[in-house]
Amino acid sequence: MAAPNGLARIETHGKKQHENGVCHDDSAAPVRAQTIDELHSLQRKRSAPTTPIKDGAASPFAAALSEEERHRQQMQSISASLASLTRETGPKVVKGDPARKGEAAANGAPPTPQKHHQHHHPAAPTIAVSDSSLKFTHVLYNLSPAELYEQAIKYEKGSFITSTGALATLSGAKTGRSPRDKRVVKDEAAAQELWWGNILCSRRGSPNIEIDEHTFLTNRERAVDYLNSLDKVFVNDQFLNWDPENRIKVRIISARAYHSLFMHNMCIRPTDEELESFGTPDFTIYNAGQFPCNRYTHYMTSSTSVDINLARREMVILGTQYAGEMKKGLFGVMHYLMPKRGILSLHSGCNMGKDGDVALFFGLSGTGKTTLSTDHNRLLIGDDEHCWSDNGVSNIEGGCYAKCIDLSQEKEPDIWNAIKFGTVLENVVFDEHTREVDYTDKSVTENTRAAYPIEYIPNAKIPCVGPHPKNVILLACDAFGVLPPVSKLNLAQTMYHFISGYTALVAGTEDGIKEPQATFSACFGAAFIMLHPTKYAAMLADKMQKYGATGWLVNTGWSGGRYGVGKRIRLPYTRKIIDAIHSGELLTANYKKTEVFGLEIPTEIDGVPSEILDPINTWTDKAAYKETLLRLAGLFKKNFEVFASYKIGDDSSLTDEILAAGPNF
């Protein structure tokens, strides 16, 4: 139930979306509302002259309950997952919806036997039994999308079915991730293994901010106690990584049907047979996002805290209901677990041609990663998170998390058509009467999102695995206008640009044209990596050498001048370039080398004007071109200073080669 006006006010202060300079980051400006009621009012737009629809009760929940005995092992494991550290036993866990059990009792049916599993903690102190031990926690376990729709519409204000059948919902005051509130337990092992930063680190620094074990357990206790206080919780048991030899079992415990449906879509969905033998998960998320952390707890800087404990294989979420925290939290965990197995985790898109040729696409927001990796002539393996093992490539996820702002059927038909029953729409605005979504409306936030199973994309490859990549494509939207549309990279250059993770932003376009801003995000995903960037670069170099992949730098940005002077390279030309990479045409092309960056650029590509292949040709002011080129090269060098002291590989030879592969002036 919504709080009265003036109570439980939503905080409206915070960081801007691009303040930290990581443009792929989905952290967002605060929601444009002062109260919960105002937030809900933004979601629906009045449509004249029709009469506004009043909120009404949804149809009664009718979940089909399976026999409890069949899931006894899962219930015992869930009870252990919910056990608080300072309690002698876990909660009394029963399966099913408490509302349904109430209906059965009212109809004279005998009560379902309620079973619970006592989970002992040998080191825990003896606690006197309290009234809380008399309470049952009802678990809604791996519900179907239809069941989760019913739960959301009946019990979660702000949940509506849109005209295409998608579930529209609200994430509350936080409409993006809270990277400054992410914490990782710095135990003895993690202290040696992880790339550590601090809360005041520069935008080129590590995202891994330390927390101690005691503080983690304090926050965990707070989250678990909150979940145990509820009449019911949602539990998802699912997998990460489509490679069956290296998949990870994850359990997500949450209080909202919205979160359960989101993770149902984003993780890999197990079969009934796989659930039978699921057992104990490899990693568990306690999502108590409706409840804040204690701001006076050590290491806390706000009422939001997203904490990861790698030794305990647990994640705790307090003070934010933004579902992307779960997705990206698990991605960070995979960035830690997979390299331990010799598997490279990658923030990239991936597709495959009809002949089995695989391409990886790296790129920050606005570079065209989603657009170029989604190709009707090729199969989509995945759009965001992948692993590269000795078996080939595999998608980590079971779904896609697409941006919706300004979405149109003409530009993104696959995403448009995927927004149907089962899809979660976050923070969108729709017509109150027709329930048609207005994707241009930013009333709630600019970071509107759609989460849907990857099967909703027509040319998705199921299972989402493929052979070793032939091409590694690094995308940059260069608003300075000095990088070539395409360059063939040697191995050291590929590592240099992979570690740099460059693109450019144009700030303040609403107020007129301003200077472009260079943005660097190590490994094209600095917000999520756990180890030092050079560790991933060394693994990428090893795999590219071992399996014969070629590196490419593709500029999807400006030509003929910087932003405001030149023009953006036409998308049809970029597609022709990507096609030439896929076909192998560019492997046999003639090349020449550019100044300063030393990039190998082709002299001719079928279907692309030859004059644009060398950027100096498109600038009328050659002196301005050279000045801008040197300026960008200086920004590259300054960014790379923080990585120059790290040894890559068994000796320093590769490190020296990578440093030499940068701009020379």
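Residues numbered from 1 in each chain as written. Predicted model: local features only at pLDDT ≥ 70, side-chain atom pairs only at ≥ 80, totals over all residues. Heavy atoms only, no water.

Another point: the overall build of the chain. When its secondary structure is counted, the chain shows 16 helices and 33 strands. The 665 residues of the chain split such that 56% are buried. Taking as baseline every contact in the chain between residues at least 6 positions apart, the subset at least 24 positions apart corresponds to 76%. Just so you have it, the chain exposes about 27,400 Å², and 51% of that area is on carbon and sulfur atoms. (Helix = DSSP H or I, 4+ residues; strand = E, 2+ residues; numbered from the N terminus. Buried < 20%, exposed > 50% of the residue type's maximum accessible area, 1.4 Å probe, protein only. Contact = heavy atoms within 4.5 Å. Areas by Shrake-Rupley, 256 points an atom, 1.4 Å probe, with all protein chains shown as cover.)

Before going further, it helps to examine the packing of helix α12 (residues 491–500) against helix α13 (residues 533–547). Contact geometry for α12 and α13: axes closest at 10 Å, N-to-C directions at 145°. Our pair here, α12 against α13, has a crossing hand that is right-handed. Each of Leu491, Thr494, Met495, Phe498 and Ile499 in α12 lies in contact with α13, whose residues at this interface are Thr534, Tyr536, Ala537, Leu540, Ala541, Met544 and Gln545. Per-class residue counts for the contact of α12 with α13 are 9 nonpolar, 3 polar and no charged. (Axes fitted to C-alpha atoms, helices over the stretch in contact; angles between N-to-C directions. Left-handed = near helix turned anticlockwise from the far one by under 90°. Nonpolar A, V, L, I, M, F, W, Y, C, P; charged D, E, K, R; others polar.)

For the chain, per-residue confidence averages 86 on the pLDDT scale, and residues scoring 70 or more make up 83% of the total. Confidence drops under pLDDT 50 across residues 507–513; counting only partners more than four residues distant or on other chains, this segment forms 7 contacts. (pLDDT = per-residue confidence, 0-100.)

Further remarks concern the sheet that holds strand β17 (residues 385–389). Spatially, β13-β17-β18-β24 is the arrangement adopted by the 4 strands of the open sheet, whose pairing is antiparallel. Every interior strand has two partners, whereas the edge strands, β13 (344–347) and β24 (465–466), have only one. Both β13 and β17 contribute to a ladder of 4 bridges, which runs antiparallel. Residue histidine 347 lies in a different strand from β17, and its bridge partner there is glutamate 385. Together, β13 and β17 form the strand contacts of helix α9 (residues 324–340), whose direction differs from that of β13 by roughly 150°. (Pairing = 2+ DSSP bridges.)

If you walk across this open sheet you meet the 5 strands as β4-β5-β20-β23-β19, and the pairing is mixed. Edge positions in the open sheet fall to β4 (160–161) and β19 (399–403), since each of these has one partner strand only. Of the strand pairs in this sheet, β4 and strand β5 (residues 167–169) are connected by 2 bridges, and their pairing is antiparallel. Pairing of isoleucine 161 across the sheet is with leucine 167, part of β5.

With that out of the way, let us pick up the environment of threonine 370. Secondary-structure assignment places threonine 370 in helix α10 (residues 369–373). Considering only alpha carbons, one finds threonine 370 and glutamate 412, 42 residues apart in sequence, at a separation of 9.6 Å.

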